[in-house]
Number of protein chains: 2
Amino acid sequence: MSHFQPVALHHASRLVNHGPTVLVTSTDGSRRNVMAAAWSMPVEFTPPRIAVVIDKQTFTRELVAASGAFALCLPGTALVDVTYAVGSTSGREGDKFARHGIAARPGPVLGMPVLEAGCAAWLECRLIPEPHTEDAYDTCFGEVVAAAADVRIFAGGHWDFRADNADLQTIHHLGGGNFVRTAGMVRAQPL
Amino acid sequence: MSHFQPVALHHASRLVNHGPTVLVTSTDGSRRNVMAAAWSMPVEFTPPRIAVVIDKQTFTRELVAASGAFALCLPGTALVDVTYAVGSTSGREGDKFARHGIAARPGPVLGMPVLEAGCAAWLECRLIPEPHTEDAYDTCFGEVVAAAADVRIFAGGHWDFRADNADLQTIHHLGGGNFVRTAGMVRAQPL
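The following paragraphs examine the structure supplied in this document. As the structure is a prediction and not an experimental result, all values here were calculated from the model.

Attention now goes to the overall build of chain A. If you tally the helices and strands in chain A, you get five helices and 14 strands. Counting all 191 residues of chain A, 58% fall into the buried class. Within chain A, residue pairs in contact and separated by at least 24 positions form 65% of the contacts whose partners lie at least 6 positions apart. A total accessible area of about 7,200 Å² is found for chain A, and carbon and sulfur atoms account for 54% of it. Between the averaged position of the 15 positive side-chain charges in chain A and that of its 18 negative side-chain charges there is a distance of 2 Å.

Shown next, in the form of structure tokens:
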């Protein structure tokens, strides 16, 4: 049973505001792929827009160019090994979903593969073509057209990192397969 | 006594690879400012390049346009209140360094204000002018020309998050003054 519920689009930026490592998925209808990306960020609240670096050599980039769409899925701590594995191999060598037993279903608006089991949230995005930044910086802009999150860790527009949902907590890649988990929340006090 | 040591430029991306909230500083020689930014990411390893979202209404953006430069400083957990405070007020209303007792010194290459006390690292950046993305997405690209980190938490090109350096550990803004700290490191295992 999935615990995913839709996230209001004006809350979508909150899903990636804290800089988690994401899985980027795409499909051109006949082929699909999933890769890890540490380099993504929101760029606008409303309309919700994000930027993500997808190297021009990757199979995912080819699928994004073909489909004009992609999804960002946020792996929880339990998926750290899968995240590193799909970030270290190319989908041109074989379907990574099948190899790693990754379940995906079509996103509601664009049909991009979205992952729920083991993930905290996903964002389905329409590519905003920006040929210069795609070429010069491998930076792809996208508009979020649908989003959802596991209500055990994100509900009512807010993250809730607790001791009892550690497996769903986002991961942040330091490099070379070393990740940090998020930890206790800290509330800033007015100065 | 500062524990900061230079970071090799080919390791600079590692400082922000895990998505920490940063303080963006800039100066035009006579005026200076510091603001918080949750939206930044590396875009290239070598030459080391980053992207950061700086709203076009901000005083910092005006200084970056004037100087063609900025610095990203990584506040540690001990600076969470200062980070939120400088992200909630404008430098047009008064010097935020003075108001919050923030010590800064000129960066070695471009003279941008860099913060060390309470921070884990900083990156001094030369703006790469990209008028379209600056206008359409408030997204500013920069090349890192100098970087340094506190050796108690980043040394030999690697982060080391430990129980005894929690105050220096990076923070990640969820929104509304709620941050998460980084926690224990997790090493991915080959699949």
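Let us now look at the sheet that holds strand β14 (residues 178-187) of chain A. Read across the sheet, four strands follow the order β13(A)-β14(A)-β14(B)-β13(B) without closing on themselves; strand pairing throughout is antiparallel. Unpaired on one side and paired on the other, β13 (171-175) of chain A together with β13 (171-175) of chain B mark the two borders of the sheet. Adjacent strand axes in the sheet meet at a mean angle of 40° when their direction is disregarded. Relative to strand β14 (residues 178-187) of chain B, β14(A) is paired through seven bridges, and the arrangement is antiparallel. Counted as the bridge partner of A:Val186 is B:Phe179 from β14(B).

A few words on helix α2 (residues 59-67) of chain B. Residues of α2(B) that are buried: B:Phe59, B:Thr60, B:Arg61, B:Leu63 and B:Val64. Elements in contact with the buried residues of α2(B): β2 (22-27), β3 (32-37), β6 (69-75), β9 (119-128), α5 (131-137) and β10 (139-150) of chain B.

Listed per partner, the contact involves 52 residues of chain A and 52 residues of chain B. Contact between chain A and chain B buries roughly 4,500 Å² in total, counting both sides, with carbon and sulfur atoms accounting for 61%. The interface formed by chain A and chain B contains zero salt bridges. Those elements that place two or more of their residues in the side of chain A that touches chain B are α1 (12-16), β4 (40-44), β5 (49-53), α3 (80-86), α5 (131-137), β10 (139-150), β13 and β14 of chain A. Considering every element that reaches the side of chain A that touches chain B, the biggest residue donor is β14(A), with ten residues. When grouped by side-chain class, the residues that make up the side of chain A that touches chain B number 27 nonpolar, 18 polar and seven charged.

This part takes up the packing of aromatic side chains. Inspection of every chain in the model, using the stated rule, returns eight aromatic pairs over all chains. Here the aromatic rings of A:Phe141 and B:Tyr137 are separated by 4.0 Å at their centres, their planes lie at 10°, and the arrangement is stacked. Taken together, the residues A:Phe141 in strand β10 and B:Tyr137 in helix α5 connect one chain to another. Residue B:Tyr137 is classed as buried on the basis of its relative accessible area, which comes to 5%. Each ring, one from B:Phe154 and one from B:Trp159, has its centre 5.2 Å from the other, and the planes form 80°; the classification is edge-to-face. Accessibility assignment for this pair places B:Phe154 and B:Trp159 in one class, buried.

As a further point, take the pattern of salt bridges. Residue and element names in this part refer to chain B. Using the criterion set out here, one finds 22 salt bridges over all chains in the structure. In this structure, Asp138 and Arg61 form a salt bridge, with 3.1 Å as the shortest nitrogen-oxygen distance. Taken as a pair, Asp138 in the loop between α5 and β10 and Arg61 in helix α2 lie far apart in primary sequence, 77 residues in all. In terms of burial, Asp138 and Arg61 fall into one category: buried.

All names here are of chain A. Note that β13 and β14 share four bridges and pair antiparallel. For Ile171, the partnering residue across the bridge sits in β14 and is Arg181. What sits between the antiparallel neighbours β13 and β14 is a turn of two residues, in which Gly176 has the positive phi angle 60°.

Looking now at the relation of the copies chain A and chain B. The transformation that overlays chain A on chain B combines an axial shift of 0.0 Å with a rotation of 180°, and the residual RMSD is 0.0 Å. Classification of the inter-copy transformation places it as that of a two-fold axis. Closest to the rotation axis within chain A is the C-alpha of A:Gly19, separated from it by 1.9 Å. Taken as a fraction of all interface residues of chain A, those also at the interface in chain B reach 100%, which identifies the copy contact as same-surface.

Rules and cut-offs
Residues numbered from 1 in each chain as written. Chains lettered and ligands numbered in written order. Predicted model: local features only at pLDDT ≥ 70, side-chain atom pairs only at ≥ 80, totals over all residues. Heavy atoms only, no water. Helix = DSSP H or I, 4+ residues; strand = E, 2+ residues; numbered from the N terminus. Buried < 20%, exposed > 50% of the residue type's maximum accessible area, 1.4 Å probe, protein only. Contact = heavy atoms within 4.5 Å. Areas by Shrake-Rupley, 256 points an atom, 1.4 Å probe, with all protein chains shown as cover. Lys, Arg positive; Asp, Glu negative; His and termini not counted. Charge placed at Lys NZ, Arg CZ, Asp CG, Glu CD. Pairing = 2+ DSSP bridges. Axes fitted to C-alpha atoms, helices over the stretch in contact; angles between N-to-C directions. Buried area = accessible area lost by both parts, 1.4 Å probe. Salt bridge = Lys/Arg side-chain N within 4 Å of Asp/Glu carboxyl O. Nonpolar A, V, L, I, M, F, W, Y, C, P; charged D, E, K, R; others polar. Phe/Tyr/Trp six-rings, centres within 6.5 Å; stacked < 30°, edge-to-face > 60°. Least-squares fit on C-alpha atoms with pLDDT ≥ 70 in both.

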